[in-house]
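# A look at the structure
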Amino acid sequence: MGSGKSTVGALLAERLGAPYRDTDADIVAAQGREISDIFLDEGEEHFRALERAAVAAALAEHPGVLALGGGAVLDPGTRALLAGRPVAYLSMDVEEAVRRVGLGAARPLLAVNPRRQWRELMDARRHLYTEVARVVVATDERTPDEVAQAILDALELKDV
Ligand SMILES: Nc1ncnc2c1ncn2[C@@H]1O[C@H](COP(=O)(O)OP(=O)(O)O)[C@@H](O)[C@H]1O
Ligand SMILES: O=C(O)C1=C[C@@H](OP(=O)(O)O)[C@@H](O)[C@H](O)C1
Ligand SMILES: [Mg+2]
């Protein structure tokens with residue numbers, strides 16, 4: 001959360017001249033409700049199922065850049081959908097995460113104690129990001145444009 005997937009995904013798509021989608025935005029549009037409301041009312045398990053369906057639909061329909069939510073990798077079905085694809089893992093350290101996301105209510109999983117919650121989430125998820133990623137790009141000391149360029153370089157994609 002806050003590593004820049006949505007921001008950088010859009011920039012990357014622009015530079016590639018390719019379409020861009022974001023599974024969180026797709027879920028909000030399809031459900032007509034905010035992510036935080038879906039978490040509160042139906043719980044995380046239900047959200048992960050919606051997310052898996054959103055990833056599957058986007059990958060089937062869409063030949064461009066797809067930004068995922070930070071917890072998408074928790075679902076084995078979602079990980080299977082990502083297998084063999086050019087996935088970039090955007091990393092950052094905890095202090096940068098707190099600066100970028102802070103106490104924003106938009107991200108329910110970081111809403112109470114962001115520093116501790118971010119560390120716990122990363123301890124549970126780090127190995128899954130590494131498992132699905134083809135490349136890892138550190139975002140701490142880079143602008144979003146520089147992150148997009150680093151992804152292009154790491155994946156050896158052409159900037160058009
Ligand atoms: N490389 C960066 N440097 C500084 N701020 C960034 C960077 N990437 C994203 N941000 C900011 O961090 C916040 C979260 O970015 P976002 O793209 O929504 O992340 P994600 O989709 O990974 O949760 C936004 O306010 C965004 O402008
Ligand atoms: O890490 C997570 O579990 C989540 C990350 C969010 O997306 P971003 O990573 O784009 O903030 C969003 O999908 C939801 O709040 C849950
Ligand atoms: Mg996002």
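Conventions we followed
- Residues numbered from 1 in each chain as written.
- Chains lettered and ligands numbered in written order.
- Predicted model: local features only at pLDDT ≥ 70, side-chain atom pairs only at ≥ 80, totals over all residues.
- Heavy atoms only, no water.
- UniProt positions renumbered as here; feature names shortened; annotations may be inferred.
- Buried < 20%, exposed > 50% of the residue type's maximum accessible area, 1.4 Å probe, protein only.
- Helix = DSSP H or I, 4+ residues; strand = E, 2+ residues; numbered from the N terminus.
- Pairing = 2+ DSSP bridges.
- Salt bridge = Lys/Arg side-chain N within 4 Å of Asp/Glu carboxyl O.
- Contact = heavy atoms within 4.5 Å.
- Polar contact = N/O pair within 3.5 Å; in protein donor to acceptor, adjacent residues only side chain to side chain.
- Near = heavy atom within 4 Å.
- Areas by Shrake-Rupley, 256 points an atom, 1.4 Å probe, with all protein chains shown as cover.
- Nonpolar A, V, L, I, M, F, W, Y, C, P; charged D, E, K, R; others polar.

Named according to an unreviewed UniProt entry, the chain is Shikimate kinase originating from Streptomyces lichenis. Turning to the chain, the UniProt annotation filed under Subunit (unreviewed entry) states: "Monomer." Reading the Catalytic activity (unreviewed entry) entry of the UniProt record for the chain gives the comment "shikimate + ATP = 3-phosphoshikimate + ADP + H(+)".

## Quick word on the pairing of strand β4 (residues 135-138)
Here β4 shows a buried face lined by Val-135 and Val-137 and an unburied face lined by Val-136 and Ala-138. The sheet contact formed by strand β3 (residues 88-91) and β4 spans four bridges and is parallel. If you follow Ser-91 over to β4, its bridge partner there is Ala-138.

## Focus: the pattern of salt bridges
Counted under the stated rule, the structure contains 14 salt bridges. Salt-bridge contacts for Glu-120 lead to Arg-116; the nearest nitrogen and oxygen are separated by 3.5 Å. A residue pair is termed a helical-turn pair when its members lie 3 or 4 positions apart in one helix, as Glu-120 and Arg-116 do in helix α7 (residues 114-132) at four residues. For Arg-126, the salt bridge is made with Asp-123, and the minimal N-O distance between the two is 3.4 Å. Of this pair, Arg-126 and Asp-123 both sit in helix α7, separated by three residues, roughly a single helical turn.

## Topic: the side chain of Thr-78
Tracing the backbone through its elements, the reader meets Thr-78 in helix α5 (residues 76-82). If we ignore the near neighbours within four places in the chain, the residues touching Thr-78 are Arg-52, Val-55 and Ala-72.

## Re helix α2 (residues 23-31)
Capping the start of α2 is the job of one residue whose side-chain oxygen sits 2.9 Å from the backbone nitrogen of Asp-24: Asp-22. One or two residues past the end of α2 sits Gly-32, with phi positive at roughly 65°.

## Quick notes on the site of ligand 1
Neighbouring residues of ligand 1: 13 residues in total, closest Gly-2, Lys-5, Thr-7, Arg-107 and Arg-142. Between ligand 1 and Ser-3, the relevant distance is 3.3 Å, taken from an oxygen atom to a main-chain nitrogen or oxygen of the residue. In this structure, an oxygen atom belonging to ligand 1 sits 3.0 Å away from a main-chain N or O atom of Gly-4. Burial of ligand 1 by the protein amounts to 71% of the accessible area it has alone, namely 560 Å². Broken down by element, the residue count for the shell around ligand 1 peaks at three residues, all from helix α1 (residues 5-16). Residues that form the shell around ligand 1 fall into these classes: two nonpolar, seven polar and four charged.

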